[in-house]
Amino acid sequence: MKRPIKDIKIAGWFLLVLIALVGASWWAWHEYMTTPPYVDHQRYPVRGIDLSAHNGYANLNATAAEGYEFVWLKASEGQDFRDENFVLNYQKAKHAGMKVGAYHFFRFDVDGVEQAINFLRVIGKRRMDLGLAIDVEEHGNPKGIEIDSIKSRLAMMVEYLNMRGHRVTFYSNRRGWEKYLLPEFQGCPLWICSFEEENSLNSDWTYWQYDHRGKVAGVRGEVDLNVYSGSREEFNAITEGR
């Protein structure tokens, strides 16, 4: 039986309205729910970015000329992964006069000492002005691993790095900080990923990653934006003292 033309028109209009509502919802989420918080650069004058091979080849002279003073570079992940752009990014950053730090993506299912060894092999004898950071987050990690096992592997990695003379900074979001890093690593330097306007944590932080969709000169596409928690004088003191 053929449907009446009127019913077909109503169904068509309903479908168009539904598509419009879905599109409007996506636009609102993209524009407002993912909009980065306002960051007062008079309060946080030292700005930086973080890079990995995912960002492609960067012109960090242009980035530095735009006022970005530091960069965290991905060095490694797990037991044997090494970021293919780390060495080149390091050379470019130093040439541009930026302060450099290196980070390792921590795998929940890999021995901590093996991860530390991989990290240090990638770093070699290169000077890290910001030091070393461990990226601890659920995204990109396997599910179902006991928290005690994760914390044990992380503690072994940190202990090995400490033994080699490195004080570790932890990168995570609020959930990761509270779930995997407290209370064992309370008081360690924290590089927090947060999109809250006031970045309200019941803990001190050293670096704040506040935007995943930043635009800066010298980097194609979107890049993570960061600030340092203190003054430029304090920043210079901690980076020059390494």
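## Observations concerning the packing of helix H4 (residues 112–123) against helix H5 (residues 147–163)
The contact between H4 and H5 brings their axes to 7 Å, and the two run at 40°. Between H4 and H5, the interaxial angle falls into the category oblique. Seen from above, H4 lies across H5 with right-handed handedness. Here Gly112, Val113, Gln115, Ala116, Ile117, Phe119 and Leu120 of H4 come into contact with H5, specifically with Arg153, Met156, Met157, Tyr160 and Leu161. By residue class, the composition of the contact of H4 with H5 is nine nonpolar, two polar and one charged.

## What to know about the packing of aromatic side chains
A complete count under the given rule lists 16 aromatic pairs for this structure. Among the aromatic side chains, those forming a connected cluster through ring pairs are Phe70, Trp72, Tyr103, Tyr171, Trp191, Tyr207, Tyr228 and Phe235. Its guanidinium or amino end placed over the ring of tyrosine 68, arginine 47 lies 4.4 Å from that ring's centre, counting from NZ or CZ.

## Considerations on the nonpolar core
Grouped together as the largest cluster of nonpolar side chains are 49 residues, with contacts concentrated most on Ile49, Leu51, Ile134, Val136, Leu154, Leu161 and Phe170. Aside from chain neighbours lying at most four places away, what touches leucine 154 is Phe106, Ile134, Val136, Phe170, Tyr180, Leu181 and Phe185. Leu130, Ala133, Tyr171 and Cys193 belong to the second-largest nonpolar core, a separate cluster that totals 12 residues.

## A closer look at the confidence of the model for the chain
A residue-level look at the chain finds 82% of positions with pLDDT of 70 or above and a mean pLDDT of 88. The model gives residues 24–33 a pLDDT under 50, and that stretch makes five contacts with residues more than four places away or in other chains.

## Re helix H6 (residues 174–181)
Owing to its 3.6 residues per turn, the α-helix brings residues three or four apart onto one side. Among the residues of H6, those classed as buried are Gly176, Trp177, Tyr180 and Leu181. In a view along the axis of H6, the buried residues occupy a sector of 105°, so they form one face of it. On its buried face, H6 sits against H5, strand S6 (168–173) and strand S7 (190–193).

## Describing H4
Taking 1.5 Å as the rise per residue, H4 with 12 residues should run 16 Å; its terminal C-alpha atoms sit 17 Å apart, in good agreement. With nine of 12 residues buried, H4 is to be regarded as a mostly interior element. Looking at the packing, one finds that the buried side of H4 touches strand S2 (68–77), strand S3 (81–82), helix H3 (86–95), strand S4 (99–105), strand S5 (131–135) and H5. Just downstream of H4, glycine 124 is the residue with a positive phi angle, here 60°.

## Comments concerning the pairing of strand S1 (residues 47–51)
Most of S1 sits inside the fold, with five of its five residues counted as buried. Residue alternation in S1 divides its side chains into two sets, Arg47, Ile49 and Leu51 and Gly48 and Asp50, and both sets are buried. As paired strands, S1 and S2 are joined by five bridges and run parallel to one another. Bridged to leucine 51 within S2 is leucine 73. Pairing analysis gives four bridges linking S1 to strand S9 (residues 223–228), with the strands arranged antiparallel. When the bridges of S9 are listed, aspartate 50 appears paired with aspartate 224.

## Observations concerning the side chain of aspartate 224
Looking at where aspartate 224 falls in the secondary structure, it is placed in strand S9. Among buried Asp, Glu, Lys and Arg side chains, aspartate 224 stands out as unpaired, with arginine 213 the closest opposite charge at 9.4 Å. Polar contacts involving the side chain of aspartate 224 include one to the side chain of glutamine 209, which spans 3.4 Å. Within the structure, aspartate 224 has its side chain in polar contact with the side chain of histidine 212 (distance 2.9 Å). Discounting chain neighbours no more than four positions away, the residues touching aspartate 224 are Gly48, Ile49, Asp50, Gln209, Asp211 and His212.

## Here we look at the layout of surface pockets
Considering only enclosed or pocket space, the largest pocket measures out at about 640 Å³ in volume. Secondary-structure elements contributing two or more residues to the lining of the largest pocket are S1, S2, S4, S6, H6, S7, strand S8 (207–214) and S9. Looking at the lining of the largest pocket residue by residue, the class counts come to nine nonpolar, nine polar and nine charged.

Conventions and cut-offs
Residues numbered from 1 in each chain as written. Predicted model: local features only at pLDDT ≥ 70, side-chain atom pairs only at ≥ 80, totals over all residues. Heavy atoms only, no water. Axes fitted to C-alpha atoms, helices over the stretch in contact; angles between N-to-C directions. Helix = DSSP H or I, 4+ residues; strand = E, 2+ residues; numbered from the N terminus. Parallel < 35°, antiparallel > 145°, perpendicular 65-115°, else oblique. Left-handed = near helix turned anticlockwise from the far one by under 90°. Contact = heavy atoms within 4.5 Å. Nonpolar A, V, L, I, M, F, W, Y, C, P; charged D, E, K, R; others polar. Phe/Tyr/Trp six-rings, centres within 6.5 Å; stacked < 30°, edge-to-face > 60°. Lys NZ or Arg CZ within 6 Å of the ring centre and 35° of its normal. Core = buried A, V, L, I, M, F, W, Y, C linked by side-chain atoms within 4.5 Å. Buried < 20%, exposed > 50% of the residue type's maximum accessible area, 1.4 Å probe, protein only. pLDDT = per-residue confidence, 0-100. Arc of directions from axis to C-beta. Expected span 1.5 Å × (residues − 1). Pairing = 2+ DSSP bridges. Lys, Arg positive; Asp, Glu negative; His and termini not counted. Salt bridge = Lys/Arg side-chain N within 4 Å of Asp/Glu carboxyl O. Polar contact = N/O pair within 3.5 Å; in protein donor to acceptor, adjacent residues only side chain to side chain. 1 Å grid on protein atoms, 1.4 Å probe; cavity = no way out; pocket = protein on both sides within 12 Å on 5 of 7 lines; lining within 4 Å. Points joined across faces, edges and corners; volume = space filled by probe spheres on them.

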